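Results of the structural survey
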Number of protein chains: 2
Amino acid sequence: MDSITPIFVLPEDSSLGLRDQICEMVSSAITNQALSPEKRLPSCREMAEQLGVSRNTVFSAYNRLMDLGLLIAKNRSGYFVNPIAHEQDLHGHRADLSDIPAPVKFKPLGLVPVDNPLNWKSYTYPFIYNQIDPDLFPVDSWRECTRLALRRTKMPAWRDDSVESDSPQLLQQLRQRLLSTRGIYIDKDEVLITLGAQNALYIIGASFAHRKKPIAIEDPGFSYGRNAFQLAGNKVVGVPVDNQGLIVSRIPDNCQLVFTTPSHQFPTMVTMTNQRRKKLLEAAVAKDFLIIEDDYEAEMNFFNNRSQSLRSLDKNGRVIYVGSLSKTLSPGIRLGFMVAHRDIIRQARIVRGVMMRHAPTIVQEVVALFFQLGYYDSHLRNIERRYKRRWHVMNDAINKHLGMLEQAPTRGGTCFWLTGPKGFNSTELGERLRERGVLIDIGERFSLKKDQRSFRLGFAFVPLKKLEEGIRIISEEVKRQI
Amino acid sequence: MDSITPIFVLPEDSSLGLRDQICEMVSSAITNQALSPEKRLPSCREMAEQLGVSRNTVFSAYNRLMDLGLLIAKNRSGYFVNPIAHEQDLHGHRADLSDIPAPVKFKPLGLVPVDNPLNWKSYTYPFIYNQIDPDLFPVDSWRECTRLALRRTKMPAWRDDSVESDSPQLLQQLRQRLLSTRGIYIDKDEVLITLGAQNALYIIGASFAHRKKPIAIEDPGFSYGRNAFQLAGNKVVGVPVDNQGLIVSRIPDNCQLVFTTPSHQFPTMVTMTNQRRKKLLEAAVAKDFLIIEDDYEAEMNFFNNRSQSLRSLDKNGRVIYVGSLSKTLSPGIRLGFMVAHRDIIRQARIVRGVMMRHAPTIVQEVVALFFQLGYYDSHLRNIERRYKRRWHVMNDAINKHLGMLEQAPTRGGTCFWLTGPKGFNSTELGERLRERGVLIDIGERFSLKKDQRSFRLGFAFVPLKKLEEGIRIISEEVKRQI
């Protein structure tokens, strides 16, 4: 036998059981053509010795590989690669395209760079947003819901591919357990499941872009939303914000949509007053625009009841309500939704279908069960309890150490918005803080005018014990500027 | 006690166990405010009698609901709704917006209507495309992979939210087990995970739209792709197809991208010859365009080895390769990918991030394990075996009953493309066939010129025994026209 016996080695870091690791190893070798059909595999005994495992484990692995059609057993000769599994005629050469220059040049997309450094976890004090404490994720509950979702009787429903594939179970749960708590009561054709709130905003942008009228957004505001609207082909204009929220009288004429975050204004976290909400709804009729209400962190209220959603006060079908389950479940899961007049949902459904068809059905089903079994409610209360404590610690630390800065009046949410005096430069502050292991969100990222006076501190991911120390370091650097 | 005791009824059709059904029922009642904190819940015995279940089951359900914080037990008094769970101040009124006229009018999006009727399953002979036989889906394997993916040691990785979140495990598996079989060898920054091939095409369209040069597509061609490019803001032009595939000499000047399906041309199913592939790659350099290679059904070859992918022959980084796992796994799972020069991937990653961030991490992890454990390979062979048989039955039936029509020469794939003589109207044929329980895909859907002479017959979902009878019915209706 000419070919050299490949040396079999188990992977160093695997969460699979030994038998499955062996299966993996052998099937990789088959794919990579390290094993050929003419050559006998090591016997169970030989392989067991090579790998330092029991013969039974190897025997079990080989049997499994035979079940999978990758190996065959020839009487008295041993185990061989199944020739049928080996029929691929792989090209030996590697098309070495690594050094080829780009065949095309792209102009900049004109988007706001919004991402935090990939290694944000390595910072000691990551006062940044949108990262939840992973320990809070109810793993066991999620696992149970997944198990139930995969039960055989339920399978056919979720293997279908249809542009209409919003899970009826999920829709019912959303209507019953989430939308009702926001005072929103709707029919099934007035809601669309999306791949998170970001996806909903992009779909809205793509649905309305052909009407060629600008979208007004809060300034400072939600940069991710701004990027979505712009990339989808819309012009974006800013509307200033004060301590009651979006300033309605400053909404320009001729906008088709106004994007707002009334529960907790992103990024200042102020809650839009009831008076301001009424004004906004009246202006929508008077100036003929629609409102996109992104209900960011509606649930993160630590002192009061939730504010009334704009949608619940809307008598004219002018509010498009956008929600996300990323905060309360896990951002990696990617599930969101939008509620609007059925004509708008119809358009959005077509757009979504062309973009991506629909959200993965299995994810929808698991989330539906998560609601059904009461896990959403209890998890929500758990989060609120934990963040309420953190909010207090942050609030105290900020009052103690950062009193020289102006603080937007907030009553909840998972961050604080701080503004320095005229000439203050938070971008510079951010750079100096990085060197000290502190990450903050600099204000110019949220501002169409590139205003550098403000910055944001999230606290979802900084350990409780470290909050005050981090704030103290920030105050040291702030004092260097003031 | 004034409030009427709600009558508790278990849902008629539930796949949950009895205890969980009771939990569901009670927590719904709490959310809907059918239960108030002042009123005692039925005792275990009372509830058991009402529902016709055992006391132990109710006791178990009540305990669970207490664990979830939804119920409390007061000594000697019984079970009550936890007041904290009841704090929502729901608005009683239903904002009745059902009858409100739309606040906005949308112009038509100019897309090709591509969907099959929602009730396609109720047709006896659904000779349509893109629906796989659900019985083939390897449920147990999928369940096992899900279980492994949710093991605690793996959790932190998939709960992160990062625009960079392509699962490293999935990328490795794709490179090792799928791309290598197409002769494609790449680095990690040359590939992007998407929510299916449709999503990849839309992302490409959105990445290139600002360059304002048309995209050429095969005609007849992939209407879903055409919709994606157009919705993303590109002009689309058609290039005719013959028995060797896309006619390279007919590619207009000034296109920036040429979309092609060389493995099995969509919808004619012809395989692009090697000669034609070389011509296409040469033209890409000469006329300065990029090629989008959608490797549709590369695996559905029943007679020959797979054709060489364009990407594997590409020496200039001009081929963008798009693949999907929807055919081989399940369309409901929604996972696809694109391979291209790293500058193009970088742009596409930004675009994807703004549109939807990334595909759900849990889905990526489960699919990675599905590859790792060899299930993808064995499932693929299973599908090929089953479809090969069907292909033969269809081929024979078509030769027998539909010989009066022109048949595109194919050697694989999951459908047949048939063309009538001049004046033949497949749209009319399709309408008459519907009344007889037969669904076909009419040709004008795939044709920029709205050509009505051709139609397509898929056979992925028609039971084997019914294939010939369905073809015979089609021939009866065809003869009425010819």
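Residues numbered from 1 in each chain as written. Chains lettered and ligands numbered in written order. Predicted model: local features only at pLDDT ≥ 70, side-chain atom pairs only at ≥ 80, totals over all residues. Heavy atoms only, no water.

Strands in a sheet are paired, the pairing made by backbone hydrogen bonds, and the direction either parallel or antiparallel. Residue and element names in this part refer to chain A. Within the open sheet, the eight strands sit side by side as S4-S11-S10-S9-S8-S5-S6-S7. Their pairing is mixed. Single-partner strands in this sheet number two, and they are strand S4 (191–194) and strand S7 (245–246). As paired elements, strand S5 (residues 215–219) and strand S6 (residues 236–242) share five bridges and run parallel to each other. Looking at S6, one finds that Ile-215 is bridged to Val-236. (Pairing = 2+ DSSP bridges. Helix = DSSP H or I, 4+ residues; strand = E, 2+ residues; numbered from the N terminus.)

For the bond from A:Phe266 to A:Pro267, the omega torsion is 10°, close enough to zero to count as cis. On the secondary structure map, A:Pro267 appears in the loop between strand S8 (257–260) and helix H9 (274–286). Positive phi is not limited to glycine here, since B:Lys212 has a value of about 55°. One can find B:Lys212 in the loop between helix H7 (197–208) and strand S5 (215–219). With phi around 75°, B:Met269 is a residue other than glycine that occupies positive phi space. Along the chain, B:Met269 falls in the loop between strand S8 (257–260) and helix H9 (274–286). A relative accessible area of 0% means that B:Met269 is categorised as buried. (Buried < 20%, exposed > 50% of the residue type's maximum accessible area, 1.4 Å probe, protein only.)

Let us look at the packing of helix H2 (residues 44–51) of chain A against helix H3 (residues 55–67) of chain A. Residue and element names in this part refer to chain A. Taken N-terminus to C-terminus, the directions of H2 and H3 make an angle of 115°; their axes are 8 Å apart at the nearest point. Note that H2 runs across H3; the crossing there is right-handed. Here Cys-44, Arg-45, Met-47 and Ala-48 of H2 come into contact with H3, specifically with Arg-55, Val-58, Phe-59 and Tyr-62. Residues of the contact of H2 with H3, tallied by class, amount to six nonpolar, no polar and two charged. (Axes fitted to C-alpha atoms, helices over the stretch in contact; angles between N-to-C directions. Left-handed = near helix turned anticlockwise from the far one by under 90°. Contact = heavy atoms within 4.5 Å. Nonpolar A, V, L, I, M, F, W, Y, C, P; charged D, E, K, R; others polar.)

Turning to the sheet that holds S5(B), a few remarks are in order. Residue and element names in this part refer to chain B. With mixed pairing, eight strands are arranged side by side in an open sheet as S4-S11-S10-S9-S8-S5-S6-S7. Of all the strands in the sheet, just strand S4 (191–194) and strand S7 (245–246) have a single pairing partner and so form its edges. Two strands pair when backbone bridges link them, and S5 and S8 are joined in this way by three bridges, in the parallel orientation. Within S8, the position partnered with Ala-216 by the bridge is Val-258.

All names here are of chain A. Most of strand S9 (residues 290–294) is tucked away, with five of its five residues classed as buried. Of the two faces of S9, the one holding Leu-290, Ile-292 and Asp-294 and the one holding Ile-291 and Glu-293 are both buried throughout. As paired elements, S8 and S9 share four bridges and run parallel to each other. The residue bridging Leu-257 from the neighbouring strand is Leu-290, located in S9. Considered for its hand, the β-α-β crossover made up of S8, H9 and S9 is right-handed. Taken together, the four bridges between S9 and strand S10 (residues 319–324) define a ladder with parallel strand orientation. Bridging from a neighbouring strand, Glu-293 pairs with Tyr-321 of S10. (Right-handed = clockwise from strand over helix to strand, strands pointing away.)

The next thing to look at is the packing of aromatic side chains. Per the counting criterion, the structure on display carries 35 aromatic pairs over all chains. Taken together, a centroid distance of 5.0 Å and an interplanar angle of 70° make the contact between A:Phe106 and B:Phe208 edge-to-face. Of this pair, A:Phe106 sits in the loop between strand S2 (78–81) and strand S3 (125–126) while B:Phe208 sits in helix H7, which puts the two residues in different chains. Judged by relative accessible area, B:Phe208 falls into the buried class, the value being 0%. Ring centres 4.3 Å apart and planes at 35° place the aromatic pair A:Phe371 and A:Tyr376 in the tilted group. (Phe/Tyr/Trp six-rings, centres within 6.5 Å; stacked < 30°, edge-to-face > 60°.)

On the surface, a cluster of positive charge is made up of A:Lys107, A:Lys212, B:Lys107 and B:Lys212. Note that B:Lys107 resides in the loop between strand S2 (78–81) and strand S3 (125–126). (Patch = residues over 30% accessible without salt bridge, like charges linked within 9 Å, V, L, I, M, F, W, Y side chains within 5 Å. Areas by Shrake-Rupley, 256 points an atom, 1.4 Å probe, with all protein chains shown as cover. Salt bridge = Lys/Arg side-chain N within 4 Å of Asp/Glu carboxyl O. Lys, Arg positive; Asp, Glu negative; His and termini not counted. Charge placed at Lys NZ, Arg CZ, Asp CG, Glu CD.)

Residue and element names in this part refer to chain A. Looking at chain A as a whole, its pLDDT mean stands at 86, while 88% of the residues score no less than 70. Averaged pLDDT values for the elements of chain A fall to 50 in helix H5 (residues 155–159) and rise to 98 in S8. Ignoring residues within four places in sequence, the model shows residues 87–96, a span with pLDDT below 50, making 20 contacts including any to other chains. For this predicted complex, the interface confidence reaches an ipTM of 0.82, while the overall pTM sits at 0.82. (pLDDT = per-residue confidence, 0-100.)

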